[in-house]
Number of protein chains: 2
Amino acid sequence: MTTMVKVAKLAGVSISTVSHVLNGTRHVNDETRQKVLKAIEETSYRQDALARAMRRNRTDSIGLIVSDGGEPAFAEMIRGVEETAAKQGVTLLLANSAEDPRREARAVQALLERRVDGIILARAAGSGPEALADFAGQGTPLVLMDRLSEDPFDQVGVENRAPVKELVQHLTGQGHERILLVAGDTRVATLRERHEAFTDAMESAGVPAAKQLVVIAESAKKTDAGIRAALSRSTPPTAVIACSTVLAAAALRQIQQRGLRLPDDLAFAAFDGFAYADLFEPQLTTVRQPAFQVGATAAELLAKRIADKGAEPSVVRLAPTIEYRASTGTTPTA
Amino acid sequence: MTTMVKVAKLAGVSISTVSHVLNGTRHVNDETRQKVLKAIEETSYRQDALARAMRRNRTDSIGLIVSDGGEPAFAEMIRGVEETAAKQGVTLLLANSAEDPRREARAVQALLERRVDGIILARAAGSGPEALADFAGQGTPLVLMDRLSEDPFDQVGVENRAPVKELVQHLTGQGHERILLVAGDTRVATLRERHEAFTDAMESAGVPAAKQLVVIAESAKKTDAGIRAALSRSTPPTAVIACSTVLAAAALRQIQQRGLRLPDDLAFAAFDGFAYADLFEPQLTTVRQPAFQVGATAAELLAKRIADKGAEPSVVRLAPTIEYRASTGTTPTA
DNA sequence: CTGAAAGCGCTTACAG
DNA sequence: CTGAAAGCGCTTACAG
């Protein structure tokens, strides 16, 4: 490999000068600069980012840990982070915890060892407060993405309460009283928030908590069982709200198995939705997240934090849009 | 930050010994080791992967450049690479070229500067031979993923010719003669192979190249125009094969706009398909790629190559499976 | 305007 | 079984 020493020799200058030409860190005579650039060209020299990072105490790289790279919403967030990081000239190190707190912890350690300038974390479902311990005080900058918490870190996610409230009002406005919420694993902040908002909104609509229909479960199997039980009640739900793509898929499978039709037998709405869903039947009412934007914002917050570690943490909530389609009956005129 | 010097002082040993305890690179008295481990614990020492990489001339990291992180198939490949790399104790650096050769070239340089141990590359559509120049000879190991070439590198992708042949035979066997192939940008190796196989298979079925219906286009706009033109012929196609998810979506939109119904007005089959498509109508006949496995295999090939730079390059083709559904009429009994 | 030199935090022959 | 020291390829005060 060519190093700065070789370039310096060929150009007849010191390695200091080569370094300063490379980085533009101090003035260099135009003649000298040309010699250096020529030598760089001839030796096809490439800077060693490792050595540079070690001296500068900065790697120009960031880490991203997602909880479920298989979810389309997370795939979009990854794209948002990658694109923004690339624009910043920052390299992205990617890890997937697959909802396993132990894998998450290992990923954090690996990224910290690699001395990334900061980390963006979408926490795994069972991830406890100890996962954030390495970031408290003046440690490595951290941005929480999608799954937010009360901790004093920069955070970016979506508004979860407002869309649930709107959906509930829309459905109760159509006369639905028995609405099933498929909430899934409420250890996940997004799902917890949606569940809480549901409880409140139903209460406001005159359905006390004790009479509300909710499926909360930490595994796919238990979710399926819960949905099955709810659908086979003697007074079954007339509407379903599923709180994620995976939960919507689970609910739709059960609904199809029972031979129920949307929206005649059952109204249906889902968070996140399905890619290219506009091409297929049934057309589902969907709460669409600005997932790419969430990722992009996370990268921007992290860059700001890296530049100024003293600033107050900021929490950004982006607004999803509700796309009303045939699965909840007629489109509201509002 | 705690360094080895601090640990060594606290344990009353040399930094050599600390290093050897950490890496298990030579025998250390049990008593001495315990002292070192205790000091590591007390100082909450964390190894600096940068300094380590610089001395060892190895970063234990690999780079992955995908051409379109938005495609579900690539999202799956990313997961396959990530999971396999994590098992190997290797960190993944991710870049997305978004089908732009210039972004691809920049990503290659950035990864090389970071001295990754190897790179996995799914080339952008317009990426020329110069993109591979840095990897010829005994340069950084390279594995080509999904989009293969004739160059002497390790490669992993899917079998493209056999499924096209099978689909064509299936359709011609049902009496279809005017089959439209939506091939897209045939600068992309996978799409080129599918197109070539189509030409051959149709020829074998008695349709000479001059009479075959094919849409080849480098942009979404031209693709749309081509599909529209094909569907509005006086003798329109009776069947469509779309060579990717994006192309299938483009074709389906045109088909819906014209009010055509599957499979009565038109038989339809697509490569890659749509996530959760089993839940929706119409049910599409799909060539399903083992995308996760492609990614996992790429990471394995790269690890082998890093371990043995002298070995002959190997080319792996994984077999897709064709899932026949209602969009091509009755399921064949074969 | 430029150069000589210290030092980032490790690994690894070399020596005992 | 362990330590002293060189050196990986850079950046950056310091000096002139």
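Computed from a predicted structure; not experimentally measured.

The rules behind each value
- Residues numbered from 1 in each chain as written.
- Chains lettered and ligands numbered in written order.
- Predicted model: local features only at pLDDT ≥ 70, side-chain atom pairs only at ≥ 80, totals over all residues.
- Heavy atoms only, no water.
- Near = heavy atom within 4 Å.
- Polar contact = N/O pair within 3.5 Å; in protein donor to acceptor, adjacent residues only side chain to side chain.
- Helix = DSSP H or I, 4+ residues; strand = E, 2+ residues; numbered from the N terminus.
- Nonpolar A, V, L, I, M, F, W, Y, C, P; charged D, E, K, R; others polar.
- Contact = heavy atoms within 4.5 Å.
- Buried area = accessible area lost by both parts, 1.4 Å probe.
- Salt bridge = Lys/Arg side-chain N within 4 Å of Asp/Glu carboxyl O.
- Pairing = 2+ DSSP bridges.

Participant: It is not clear to me how the protein's contact with DNA strand D should be interpreted in this structure. Could you clarify?
Facilitator: Taken together, the neighbourhood of DNA strand D is formed by 28 residues, with A:Ser19, A:Arg52, B:Ser16, B:Thr32 and B:Arg55 sitting nearest. When atoms of DNA strand D within 4 Å of the protein are sorted by moiety, sugar and phosphate together comprise 55%. Within the side chain of A:Tyr45, an N or O atom sits 2.8 Å from a phosphate oxygen of DNA strand D. Residue assignment for the surface near DNA strand D shows that the elements contributing at least two residues are helix H2 (15-23) and helix H4 (49-56) of chain A together with helix H2 (15-23) and helix H4 (49-56) of chain B. Class assignment for the residues of the surface near DNA strand D results in eight nonpolar, twelve polar and eight charged.

Participant: Any chance you could explain the interface of chain A and chain B here in plain terms?
Facilitator: Think of interface size as the accessible area that goes away when the parts come together; that is how it is often given. Each side of the interface is counted separately: chain A has 45 residues, and chain B has 45 residues. Buried area between chain A and chain B, summed over both chains or domains, comes out near 4400 Å², and the portion from carbon and sulfur atoms is 60%. Per-residue buried area on chain A facing chain B is highest for A:Leu50, A:Arg114 and A:Phe280; these three make up 17% of the total on that side. Where chain A packs against chain B, one counts six salt bridges. A salt bridge links A:Arg253 to B:Asp278; the shortest N-O distance between them is 3.0 Å. Here chain A is connected to chain B by 21 residue pairs in polar contact (both at pLDDT 80 or more). Of all the secondary-structure elements, those providing two or more residues to the side of chain A that touches chain B are H4, helix H5 (72-88), strand E2 (91-96), helix H6 (101-113) and helix H10 (245-257) of chain A. Taken together, the residues that form the side of chain A that touches chain B break down as 21 nonpolar, ten polar and 14 charged. Taken together, the three bridges between E2(A) and strand E2 (residues 91-96) of chain B define a ladder with antiparallel strand orientation. Bridged to A:Leu93 within E2(B) is B:Leu93.

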